[in-house]
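Architecture at a glance
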Amino acid sequence: MPRQSSSRTSRKKASGPSDLWGKPPAQEGAGHQLDLLRSVADDPVSLRATATELARHSGNLEVVRASVVALGGLTDAANRPVLHDIYDRCGERNDAGGFIRAAVVRALQPIVSEADRPLLMTALATYQTQGMYEICGDLRTAALVTMNDLDPDLAAFFAASFLQDPGNAMSGQPGTTAIRVLAAQQKLELLYALASWGQGVPELLGEALRNLVDLPVALVDRLVERYRDHEDEQVVLGFFDLLLGHPERARWHGEIVSFLETTDLLDLYGLIVMQIVASRDGDLIGHLRRLEQREPVRRKAELAQLALQHA
């Protein structure tokens, strides 16, 4: 198991969020504070001042998070010190699950610089368990995306490690974002390695498959053999995203039509026929029209008709 949260405050005793953020004015409850934040949304100067004050002193974590998001929306490097300050005062006890820290990292993304590297390295290595589950996946996901803007080569190493991250079993994150980062960098070898065995977290398998549209035809043929009879809908949807998105999709028209003829997975059928129409592939749309005319299952025929209205 990776090490526990590395935030400095995780080792400090804290009895509640108000101890961390400071005591807010007694008359200003969370609702009032959020209203105040909304009231200055169109005035960047007032918004910055209000969001900074609330982020540092509100006793309500939702208000703190909303204030951080507001600061991030200003995309002003002058906000870096307050964002770092908020992050440094967070920890497991005050930010269970890392949601405020994740908001800080996302607020830093548009202004990311070398000054943020230590914070991002901490975030990428932060884990916290609650019962059987690891709950800081959103923080690592945000840090991966931001690190990819700062240092793509380093981000790729973290992305590769996140393919086996313990958080993936609960939410699919940070693994699905890691797949997108690797695909954007054209590191398809890692995605093919994940997809080639047909085993693992379904969200990750589906995401890996749909991001392999630049894979050589011979390797796609191997995946067709592997996934032709797969039963998990998330995986099958990713598989057909691959076939329909590949430049050589005509090679697998028969596979696609055969699935449409035989499947009884109605939700999946509806998604795939919509994707066929969106592909603007005349041959496939022609196949779909002929299938619709002779389809014995009423609901499938209705789904095909609905899709073909957009052809």
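Look a little higher up for the structure.
1. Quick look at the layout of surface pockets
The computed volume of the largest pocket comes to approximately 240 Å³. Broken down by secondary-structure element, the contributors of at least two residues to the lining of the largest pocket are helix 15 (233–245) and helix 16 (253–262). Looking at the lining of the largest pocket element by element, the count peaks at four residues for helix 16. When the residues that make up the lining of the largest pocket are grouped by side-chain class, the tally is six nonpolar, four polar and four charged. Here the second largest pocket defines a volume of roughly 160 Å³. Along its surface, the second largest pocket is lined by F99, E134, I135, G137, D138, T141, G167, M170, S171 and Q173. Those elements giving two or more residues to the lining of the second largest pocket turn out to be helix 8 (137–150) and helix 10 (168–171). Here the lining of the second largest pocket gets three residues from one element, more than from any other, and that element is helix 8.

2. A few points about the packing of aromatic side chains
One pass over the structure, following the stated rule, counts four aromatic pairs. Aromatic pair F158 and F162: ring centres 6.2 Å apart, planes at 50°, arrangement tilted. In this pair, F158 and F162 are both assigned in helix 9 (residues 152–162), four residues apart and thus about one turn of the helix distant. For the pair formed by F158 and F162, the shared burial category is buried. For the pair F239 and F240, a centre-to-centre distance of 5.1 Å together with 65° between the ring planes defines the contact as edge-to-face. Assigned by exposure class, F239 and F240 land together as buried. These aromatic residues form a ring-pair network of at least three members: Y227, F239, F240 and F259.

Rules used throughout
- Residues numbered from 1 in each chain as written.
- Predicted model: local features only at pLDDT ≥ 70, side-chain atom pairs only at ≥ 80, totals over all residues.
- Heavy atoms only, no water.
- 1 Å grid on protein atoms, 1.4 Å probe; cavity = no way out; pocket = protein on both sides within 12 Å on 5 of 7 lines; lining within 4 Å.
- Points joined across faces, edges and corners; volume = space filled by probe spheres on them.
- Helix = DSSP H or I, 4+ residues; strand = E, 2+ residues; numbered from the N terminus.
- Nonpolar A, V, L, I, M, F, W, Y, C, P; charged D, E, K, R; others polar.
- Phe/Tyr/Trp six-rings, centres within 6.5 Å; stacked < 30°, edge-to-face > 60°.
- Buried < 20%, exposed > 50% of the residue type's maximum accessible area, 1.4 Å probe, protein only.

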